[in-house]
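# Observations on the three-dimensional arrangement
What follows is each chain in one-letter form.
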Amino acid sequence: MAEMEAAQLKEEGNRHFQLQDYKAATKSYSQALKLTKDKALLATLYRNRAACGLKTENYVQAASDASRAIDINSSDIKALYRRCQALEHLGKLDQAFKDVQRCATLEPRNQNFQETLRRLNTSIQEKLRVQFSTDSRVQKMFEILLDGNSEADKLEKAANNLIVLGREEAGAERIFQNNGVALLLQLVDTKKPELVLAAVRTLSGMCSGHRARATAILHAVRIDRICSLMAVENQEMSLAVCNLLQAIIDALSGEDKQEHRRKEEALVLDTKKDLKQITNHLLDMLVSKKVSGQGRDQALNLLNKNVPRKDLAIQDNSRTIYVVDNGEEMGGPGLTPAFSVGNQRTRHLAESGRGLRKILKVVGQVPDLPGKFDPQDMDKNVIAIQTVSGILQGPFDLGNQLLGLKGVMEMMVALCGSERETDQLVAVEALIHASTKLSRATFIITNGVSLLKEIYKTTKNEKIKIRTLVCLPSPRWLCNASIDTRTRRWAVEGLAYLTLDADVKDDFVQDIPALQAMFELAKASSGRMNKRDKSQERKLLGSSGLFSGSFCACPLFSPTSCLQTPDKTILYSVATTLVNCTNSYDVKEVIPELVQLAKFSKQHVPEEHPKDKKDFVDKRVKRLLKAGVISALACMVKADNAILTDQTKELLARVFLALCDNPKDRGTIVAQGGGKALIPLALEGTDVGKVKAAHALAKIAAVSNPDIAFPGERVYEVVRPLVSLLDTERDGLQNYEALLGLTNLSERSDKLRQKIFKEKALPDIENYMFENHDQLRQAATECMCNMVVNKEVQERFLADGNDRLKLVVLLCGEDDDKVQNAAAGALAMLTAAHKKLCLKMTQVTTQWLEILQRLCLHDRLSVQHRGLVIAYNLLAADAELAKKLVESELLEILTVVGKQEPDEKRAAVVQTARECLIKCMEYGFIKPVS
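Note on numbering: residues in each chain are counted from 1, in written sequence order. Whole-chain, interface and lining totals are the exception, using all residues; otherwise, since this is a predicted model, local features are given only for residues with pLDDT of at least 70 and side-chain atom pairs are given and counted only at 80 or more. The basis for the side-chain values is all heavy atoms of the structure; hydrogens and waters are excluded.

## Things to note about the UniProt feature "repeat: TPR" (unreviewed entry) in the chain
UniProt positions are given in the numbering used here, feature names are shortened, and annotations may be inferred rather than shown by experiment. Under the feature "repeat: TPR" (unreviewed entry), the UniProt entry names residues 6–39. Strands are runs of DSSP state E lasting at least two residues, helices are runs of H or I lasting at least four, and both sets are numbered from the N terminus onward. Between the first and last C-alpha atoms of residues 6–39 the distance is 12 Å; the span itself is 82% helix and 0% strand.

## Quick notes on the packing of helix α45 (residues 804–811) against helix α47 (residues 835–844)
Interhelical geometry of α45 versus α47 gives an angle of 75 degrees and a closest axis separation of 9 Å. Classed by the angle they form, the pair α45 and α47 counts as roughly perpendicular. Residue-level inspection shows Leu805, Lys806 and Val809 of α45 in contact with α47, the latter providing Leu837, Lys840, Met841 and Val844. Along the lines of polarity and charge, the residues of the contact of α45 with α47 split into five nonpolar, no polar and two charged. Only the stretch in contact is used when a helix axis is fitted, and all axes are lines through C-alpha atoms; the angle between N-to-C directions ranges over 0 to 180 degrees. Angles are sorted into four bins: roughly parallel if under 35 degrees, roughly antiparallel if over 145, roughly perpendicular if 65 to 115, and oblique for all others. Contact between two residues is taken to exist if any of their heavy atoms lie within 4.5 Å; hydrogens are not considered. Only Asp, Glu, Lys and Arg are considered charged in this grouping, and only Ala, Val, Leu, Ile, Met, Phe, Trp, Tyr, Cys and Pro are considered nonpolar; every other residue, Gly among them, is considered polar.

## Structural notes on the packing of helix α1 (residues 2–18) against helix α2 (residues 22–35)
Between α1 and α2, the shortest axis-to-axis distance is 8 Å and the interhelical angle comes to 165 degrees. The orientation of α1 with respect to α2, classified from their angle, is roughly antiparallel. Relative to α2, α1 is oriented so that their crossing is left-handed. Taken together, the residues of α2 that come into contact with α1 (itself represented by Ala2, Glu3, Glu5, Ala6, Leu9, Lys10, Glu12, Gly13, Asn14, His16 and Phe17) are Tyr22, Ala24, Ala25, Ser28, Tyr29, Gln31, Ala32 and Leu35. Class assignment of the residues belonging to the contact of α1 with α2 gives a composition of 10 nonpolar, five polar and four charged. Less than a right angle of anticlockwise turn of the near helix away from the far helix marks a crossing as left-handed, whereas a clockwise turn marks it as right-handed.

## As for the environment of Gln424
With respect to the helices and strands, Gln424 occurs in helix α22 (residues 421–434). For the pair Gln424 and Val382, spaced 42 residues apart in sequence, the C-alpha separation works out to 9.4 Å. Beyond its immediate stretch of four places on either side in the chain, Gln424 contacts Leu415, Cys416, Ser418, Glu419, Ile455, Thr459 and Ile464.

## Structural notes on a nonpolar patch on the surface
Patches in this entry comprise residues that are over 30% relatively accessible and not in a salt bridge; like charges within 9 Å are linked, as are nonpolar side chains (Val, Leu, Ile, Met, Phe, Trp, Tyr) within 5 Å. For every accessible area listed, the method is Shrake-Rupley and the probe measures 1.4 Å; residues are considered covered only by the protein chains on display. We define a salt bridge as a contact between a side-chain nitrogen of Lys or Arg and a carboxyl oxygen of Asp or Glu at a distance within 4 Å. A cluster of nonpolar side chains, contributed by Ile591, Leu594 and Leu597, occupies part of the molecular surface with about 290 Å² of accessible area. In this structure, Leu594 sits in helix α31 (residues 592–600). Here's how the labels work: a residue is buried when its accessible area is under 20% of the maximum for its type, exposed when over 50%, partly exposed in between, all with a 1.4 Å probe on protein chains only. Look at Leu594 and you get exposed, because its relative accessible area is 52%.

## Some words on the pattern of salt bridges
The tally for this structure, following the rule as stated, stands at 34 salt bridges. Arg720 serves as the salt-bridge partner of Glu759, at 3.1 Å between the closest nitrogen and oxygen. Taken together, the residues span a long stretch of sequence, with Glu759 in the loop between α41 (750–758) and α42 (762–769) and Arg720 in helix α39 (residues 714–724) at a distance of 39 residues. Here Glu766 ties to Arg804 by a salt bridge, and the two come within 2.4 Å at their closest N and O atoms. Pair noted here: Glu766 is in helix α42 and Arg804 is in helix α45, with a separation of 38 residues, a long-range link.

Next up, the structure:
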């Protein structure tokens with residue numbers, strides 16, 4: 001009975017395979033394998049399941065199944081060839097070559113085997129050539145870099161080539177195998193910044209996605225040495241080392257999410273000890289006086305990103321507990337991080353312990369506070385307020401509880417009146433964070449505004465002045481190039497608050513120099529500024545009267561001292577400012593009935609500010625585009641993930657969507673690189689951000705030439721975001737514009753149509769063809785009209801047991817001209833491609849002949865022409881079918897149309913009708929009249 005059931009399951013799997021339902025086929029074969037012991041049947045089942053693995057691109061499983069079939073029958077030529085195909089996709093060309101060589105020996109006349117043999121031989125030779133050339137290139141690059149007499153341009157070129165090589169798997173392996181780590185350490189020993197940077201970035205590339213190599217590099221370089229490099233004041237160096245450590249942590253913890261296919265990658269290594277050692281050194285960096293501010297920030301970033309559990313359902317929280325306690329294993333599964341600390345720097349930490357105390361020690365923004373706790377002076381109060389300020393940035397519930405304690409708010413206001421600048425700085429910063437709560441803001445307005453104004457007027461400290469402005473809205477300050485990066489960051493962050501006011505954002509957007517100054521600052525902060533951009537920033541920030549340092553002329557900083565300073569806070573603040581200016585934030589829907597009810601009950605009803613209405617928003621968008629916002633956004637998108645957070649990506653996606661709203665502006669956006677910049681935003685980030693970016697892509701794809709908007713291979717990356725919008729959870733506009741974008745893309749090439757098909761968009765497109773909404777149904781039908789050119793789509797129409805063809809035929813009978821036109825186009829191409837579909841068309845609905853006649857008599861020439869093409873395809877497909885058509889009223893229609901004078905507009909219609917009549921004469925159904 002078991003053998004019979006196994007045979008039945010095999011047949012069932014074969015049927016699923018023929019229907020291209022490879023998952024169901026795999027399931028049937030797998031069930032059959034559990035029931036049979038017959039070797040012949042086992043070999044067949046493994047061989048068939050290997051075929052499913054090839055179709056679903058699960059090449060590891062395909063190779064494994066084919067090997068099992070070969071173990072049973074070493075001459076199984078199908079299994080050998082399938083394993084060859086799987087191994088080729090896995091990059092194991094030498095093994096694939098051996099398999100196809102055996103196939104060619106068994107069937108020497110098989111042209112497919114001979115062609116594969118030649119192709120693999122060529123690929124192997126090329127791989128060997130590249131490998132040997134890579135070895136010599138690596139050696140030459142190190143010779144140039146370690147030669148003290150090398151020219152500067154050669155050094156720079158060799159360093160850049162080495163970095164690129166380290167990011168490629170083959171190149172990284174060759175560097176590693178040729179004593180490259182020791183040579184890279186020699187570059188570090190030179191202490192020349194450009195060489196050290198090149199070495200660090202190369203090591204970072206070598207560690208990515210390779211656990212064994214990352215472990216070896218960590219032990220060779222040593223964690224204390226890596227941390228000492230990250231501790232330097234040079235921000236570019238600190239960020240590069242941070243990326244190296246992140247690559248090592250990802251590789252050790254398995255967060256790289258790469259499938260380990262090579263033996264050296266599949267080794268089971270115990271990485272817990274190394275991860276704890278890294279964590280200890282990062283915690284020590286937080287409180288070390290030898291570590292720069294840049295180094296401390298990067299250490300906090302790494303702890304923030306790598307310590308917490310991403311999901312509370314994950315039972316293992318040992319890394320969080322280890323950090324909190326700094327060295328002692330505590331607790332077990334089920335403990336949760338109780339609160340987070342620090343704005344964008346310190347989060348997800350729990351309980352209390354030595355590790356947490358280190359983090360709380362640096363949680364504030366104000367350096368060099370007095371270390372003594374003397375009840376007789378204000379130092380203790382200052383430290384307490386600074387800690388509250390830090391907690392207010394993360395665990396809001398805890399922060400609000402602390403603010404509710406008696407005397408805390410009073411203490412903040414009292415510190416504003418202190419004569420010491422440190423006290424004022426701490427107090428104003430704490431008031432900023434406290435003012436996010438309405439009740440606290442009311443307290444500040446009542447008790448602290450006069451003090452804040454007095455501080456602003458009297459202080460000479462730019463940091464205090466800008467922080468005060470965040471509490472006291474004033475649109476006149478953006479940034480000052482003569483002050484340090486941290487202070488400029490506060491200035492832009494203040495602008496993000498200020499532009500919540502409609503008057504402020506409208507005035508700000510009218511100031512083009514101010515806008516451009518902010519854009520240049522964003523480019524510098526993203527680390528993507530070229531020489532032209534740097535020159536432009538010097539010009540904007542150094543010569544503009546508005547930003548020439550009227551508040552401060554600090555001799556310690558030059559106008560260019562803050563260029564190229566990657567900072568995620570600046571990027572986030574600039575993005576927030578742009579969201580405010582474009583009104584691209586979420587707005588709650590106003591229900592008119594509730595508004596009337598509120599007015600009737602004499603409740604206050606907030607009204608929309610006149611400058612937040614659509615015409616004002618449209619004008620602001622125009623000014624932003626004119627000021628070069630797309631260039632700034634494109635630079636921000638290219639920033640490293642360490643500074644471009646998912647939240648910032650979401651904000652940028654919102655801005656792009658607002659900028660793309662007017663079709664007339666989309667050409668400008670494409671010309672400035674907006675189309676390319678949107679692709680990464682649609683693929684990475686928050687769910688909301690990806691949807692917004694995908695919608696913006698759809699708007700561009702719907703009206704732009706894809707070859708210009710998304711040049712090269714980028715156009716294929718656009719398909720997946722657009723397909724993601726074909727979801728019932730998305731709104732109708734997103735569905736509609738995604739369909740328009742896919743229609744435009746599918747018109748370009750069969751390769752794009754194949755990509756759309758592989759992304760499984762076909763069922764969604766078909767669903768929208770059933771929609772009651774006219775525009776959605778029209779867009780879906782037009783998209784399908786382009787898609788039916790693809791052979792795999794045609795096969796879906798040919799398959800039995802579906803109503804795809806029936807739907808297209810019925811849509812040809814719709815009253816909507818555009819739907820009719822698209823459906824008739826699809827039907828014309830399908831019936832031209834396959835005679836079987838001509839016969840099938842007459843079986844799917846009894847209305848087919850009436851619909852065809854309506855098409856051939858249509859007032860719109862394009863619809864009529866497509867109807868006549870369908871008629872010709874049916875006549876040419878089968879004599880019996882042709883006879884049936886001639887016996888109907890269709891012959892009269894063809895005769896009337898064929899007798900018309902073929903003017904310029906009607907030439908194609910008349911010619912097609914005459915071709916139909918000629919085909920009828922060939923069958924002998926009608927005779928020519930003299």
